[in-house]
Amino acid sequence: MKTQVAIIGGGPAGLLLSEILHRHGVDSVVLEKHSREYVLSRIRAGVLEQTTVDVLRSNGVGDRMEREGHVHDGMKIVWAGRESFFIDVKKHVNKRFMAYGQTNIQEDLFVAADIRGAKVLTEAEDVQPVDVTTDHPYVTFRHNGESVRLSCDYIVGCDGFHGVSRKSIPSSVLRIFEKEYPFGWLGILSETPPLPDIVYANHPRGFALASMRSPMLSRYYIQAPLDTKLEDWSDDRFWRELKARFPKELADAIATGPSIEKSIAPLRSFVAEPMRYGQLFLAGDAAHIVPPTGAKGLNLAVSDVFYLSRALAALYNQGSEALLEQYSDMALRRVWSSVRTSWYLTNLLHRFPGASDFDQRAQEFELDYLKSSHHAQAALAEQYAGLSFEQ
Ligand code: RFL
Ligand code: PHB
């Protein structure tokens, strides 16, 4: 098999990259390890930055998002015993957000891929990038019991945190920046009307978050110890714990019902630099992970894909390699901005096991400052909205 760009991973980053490249006349093949059903069953992100919305819209995959997504202007922060406040992103930086599930984006991308007859091979096994520092890289894999060799000009690793692409870069080349947090998030999805705003809560019992997918689909999370077992958390116990972490008027407004999904995710910050090795590029979770506190992971995957597709289009259509050479540095500037914001919000809003009285007081005064300062709110609004793309 032969293509111009071999894409490893058919998550949102891989499928979107293939879609945008196609619109610029660049051929690609996507190799996805799992079945389509499995990929579509993963419940993950839900909050899209303006930049993400614009990229999806301008590449013809935003119609359903336009119809079904919920536009909102910022987020509310509450904490025990104090008045809540709203970070008004629209007011401060004139950017808005869209609540629209990653699962829906993934569905929309598969539909678009079907319509153009894209080469998306699911259940591709033992995918391996080879000879990536030569002019003739290729990818080997097994599909339907046969061994296949896919020759290409470039390979893009969009295979998530646990994929093979990053692991194929020698450790002498790759610099890793990593931080693990001593807790996870227990999340549920329920067919109940959400609260009108996204609400982040800091409470002595731990962090809690109220979010949304649609007018009849809510997403809630609570901070939980890393050894939490799902079977110990009946729906009833989850709702009781969630409500205990919100002020009474918000707790009373939370509509409860049976969960349709329940999962636990660890929190971690991780960045691998550079995002290029020879003819191999990394994009999305393959190169970086953020704790979900800033809702940045999917948005970063989309911004990497925006920069990389623009660079590959410039190479194939104008013969200019300049943007491709800048890809890693340019993508990492946006990545680090969101890595820092997610780390800041994680520190601000969670209860850290073993925190000293000093740590606790400093966190409270940070929250008080944010609540009382127009400048602090404007700064957070700018970061929470995500940077605009570089030219
Ligand atoms: P993905 O989605 O992990 O997709 C990678 C794909 O690669 C495949 N793969 C392989 N394919 C071939 N060969 C191999 N060896 C392979 N190894 C893996 C996998 O099967 C998969 O299909 O990475 P991608 O595309 O970079 O997308 C990243 C996003 O999924 C991720 O950043 C977000 O979900 C993070 N995230 C959030 N991001 C936001 O922007 N806003 C949010 O509100 C938000 N909330 C969240 C989140 C992530 C969460 N979890 C569970 C991690 C909430 C949660 C709970
Ligand atoms: C979500 O809706 O899943 C969500 C919202 C905000 C976050 C993280 C996740 O910070």
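Heads up: the structure comes first, above all this text.
Within each chain, residues carry numbers counting from 1 in the order of the written sequence. As they are written, the chains are lettered A onward and the ligands numbered 1 onward, keeping that order. Confidence filtering applies because this is a predicted model: local features only for residues at pLDDT of at least 70, side-chain atom pairs given and counted only at 80 or more, and all residues used for totals across whole chains, interfaces and linings. As a convention, hydrogens and water are excluded, and side-chain values are obtained from all of the structure's heavy atoms.

Trainee: Please clarify how the overall build of the protein chain should be interpreted in this entry.
Mentor: Labels follow the DSSP assignment, with helices taken as runs of H or I lasting at least four residues and strands as runs of E lasting at least two, numbered in each case from the N terminus. When its secondary structure is counted, the protein chain shows twelve helices and 20 strands. It is over C-alpha atoms that the radius of gyration is taken, and the globule rule equals 2.2 Å times the number of residues to the power 0.38. The C-alpha radius of gyration of the protein chain comes to 21 Å, within 12% of the 21 Å expected for a compact globule of 391 residues. In terms of overall dimensions, the protein chain has C-alpha extents of about 60 × 40 × 40 Å along its principal axes. Residue burial is assigned from relative accessible area. The probe radius is 1.4 Å, only protein chains are included, and a residue is buried under 20% of its type maximum, exposed over 50%, and partly exposed in between. The buried share of the protein chain, reckoned over its 391 residues, is 53%. Sequence separation of at least 24 residues holds for 71% of the intrachain contacts in the protein chain that already meet a minimum separation of 6. Accessible areas in this description were obtained via Shrake-Rupley with a 1.4 Å probe; residue shielding takes into account the shown protein chains only. Of the roughly 16,800 Å² of accessible surface on the protein chain, 50% is carried by carbon and sulfur atoms. Lys and Arg are tallied as positive, Asp and Glu as negative. Neither His nor the chain termini are counted. Lys charges are placed at NZ, Arg charges at CZ, Asp charges at CG and Glu charges at CD. Charged side chains of the protein chain number 43 positive and 49 negative; the gap between the two group centres comes to 3 Å. Note on contacts: a residue pair is in contact if any heavy atoms of the two residues lie within 4.5 Å.

Trainee: What am I meant to see in unusual backbone geometry here?
Mentor: P274 follows E273 through a cis peptide bond whose omega is -5°. Inspection of the secondary structure puts P274 in the loop between strand 17 (259-273) and strand 18 (276-277). The residue A295 is not glycine, and still its phi comes out positive at about 55°. Structurally, A295 can be placed in the loop between strand 20 (288-289) and helix 9 (297-318). Residue classification places A295 among the partly exposed residues on the basis of a relative accessible area of 22%.

Trainee: Would you take a moment to explain the site of ligand 1 for this structure?
Mentor: To be near a molecule or strand, a residue needs just one of its heavy atoms within 4 Å of it. The environment of ligand 1 is formed by 31 residues, the closest being E32, R42, Q102, D285 and L298. Within the backbone of P12, one N or O atom sits 3.4 Å away from an oxygen atom of ligand 1. Two N or O atoms form a polar contact when they lie within 3.5 Å of each other; inside protein one atom must be a possible hydrogen donor and the other a possible acceptor, and for residues adjacent in sequence the pair counts only when both atoms belong to side chains. The contact in question runs from an oxygen atom of ligand 1 to an N or O atom on the backbone of N299, over 3.1 Å. The fraction of the free accessible surface of ligand 1 (1,000 Å²) that becomes covered by protein chains is 87%. Contributions of two or more residues to the shell around ligand 1 are made by helix 1 (12-23) and helix 9. Considering each element in turn, the shell around ligand 1 owes the most residues, four residues, to helix 9. Nonpolar residues are Ala, Val, Leu, Ile, Met, Phe, Trp, Tyr, Cys and Pro. Charged residues are Asp, Glu, Lys and Arg, and all others, Gly as well, are polar. Looking at the shell around ligand 1 residue by residue, the class counts come to 14 nonpolar, ten polar and seven charged.

Trainee: Would you mind showing me how to read the environment of P12 here?
Mentor: Mapping P12 onto the fold places it in helix 1. Taking the C-alpha atoms as reference, P12 lies 27 Å from S320; in sequence the two are 308 residues apart. With near-sequence residues (within four places) excluded, P12 lies in contact with Q102, Q106, L109 and L298.

Trainee: Sorry if this is basic, but what is going on with the nonpolar core here?
Mentor: Generally speaking, nonpolar side chains in soluble globular proteins are found buried as a group. Here, the term nonpolar core denotes a set of buried Ala, Val, Leu, Ile, Met, Phe, Trp, Tyr and Cys residues that are joined through side-chain atoms within 4.5 Å. By size, the foremost hydrophobic cluster in this structure holds 72 residues, and its most contacted members are L16, L31, L48, V139 and F141. Here this core takes ten residues from helix 9, the largest share from any one element. With residues near it in sequence (within four places) discarded, L48 still touches V53, L56, M65, R96, F97, M98, Y100, I105, L298 and N299.

Trainee: Please clarify how the sheet that holds strand 1 (residues 5-8) should be interpreted in this entry.
Mentor: Strand pairing in a sheet takes place through backbone hydrogen bonds and is either antiparallel or parallel in direction. In this analysis, strands are considered paired if DSSP registers two or more bridges between them. What the six strands build is an open sheet, ordered 8-2-1-12-19-18; its pairing is mixed. Of all strands in the sheet, those bounded by a partner on one side alone are strand 8 (119-121) and strand 18. Here strand 2 (residues 28-31) runs beside strand 8; their pairing, made up of three bridges, is parallel. Counterpart to V30 in the pairing with strand 8 is V120.

Trainee: Help me out: how do you make sense of the packing of aromatic side chains in this one?
Mentor: In this description, a pair of aromatic rings is defined by centroid distance and the angle of the planes. In summary, the pairing rule links any two rings of Phe, Tyr or Trp, Trp by its six-membered ring, whose centres are within 6.5 Å, and it sorts them by plane angle into stacked for under 30 degrees, edge-to-face for over 60 and tilted for everything else. Tallied over the full model, the rule gives 18 aromatic pairs. When the ring of Y200 is compared with that of Y384, the centres are 6.3 Å apart and the planes differ by 80°; the resulting orientation is edge-to-face. Remark: Y384 occurs in helix 12 (residues 374-385) and Y200 occurs in strand 14 (residues 198-202); sequence separation between them is 184 residues. With a centroid separation of 5.8 Å and an interplanar angle of 70°, the aromatic rings of F281 and Y327 are classed as edge-to-face. Taken together, the positions of F281 in strand 19 (residues 280-282) and Y327 in helix 10 (residues 322-349) put the pair 46 residues apart, joining distant regions of the chain. For the residue pair F281 and Y327, the accessibility class agrees, reading buried in each case. Cluster of aromatic residues (ring-pair linked, three or more members): F97, W185, Y200, F207, Y221 and Y384. As a reminder, the over-ring test applies to NZ of lysine and CZ of arginine, requiring each to be within 6 Å of the ring centre and within 35 degrees of the ring normal. Over the ring of Y138 we find R149, and its NZ or CZ is 3.6 Å from the ring centre. In this structure, R237 packs its charged tip against the face of W233, placed 3.8 Å from the ring centre.

Trainee: Help me understand the site of ligand 2 in this model?
Mentor: Ligand 2 sits among 13 residues. The nearest are Y200, S211, R213, Y221 and P292. A distance of 2.6 Å is found between an oxygen atom of ligand 2 and a side-chain nitrogen or oxygen belonging to Y200. With respect to ligand 2, the side chain of S211 contributes an N or O atom lying 2.6 Å from an oxygen atom. Relative to its unbound accessible surface of 280 Å², ligand 2 loses 97% to contact with the protein. Listed by contribution, the elements that provide at least two residues to the shell around ligand 2 are strand 15 (208-214) and strand 16 (217-224). Among the elements that take part in the shell around ligand 2, strand 15 stands out by supplying three residues, more than any other. Along the lines of polarity and charge, the residues of the shell around ligand 2 split into seven nonpolar, three polar and three charged.

Trainee: Mind showing me how you'd approach the side chain of H92 here?
Mentor: By the element assignment, H92 lies in helix 5 (residues 89-93). Relative accessible area serves as the criterion here: at 19%, H92 is assigned to the buried category. Other than its neighbours up to four places away in sequence, H92 contacts H374, Q377, A378 and A381.

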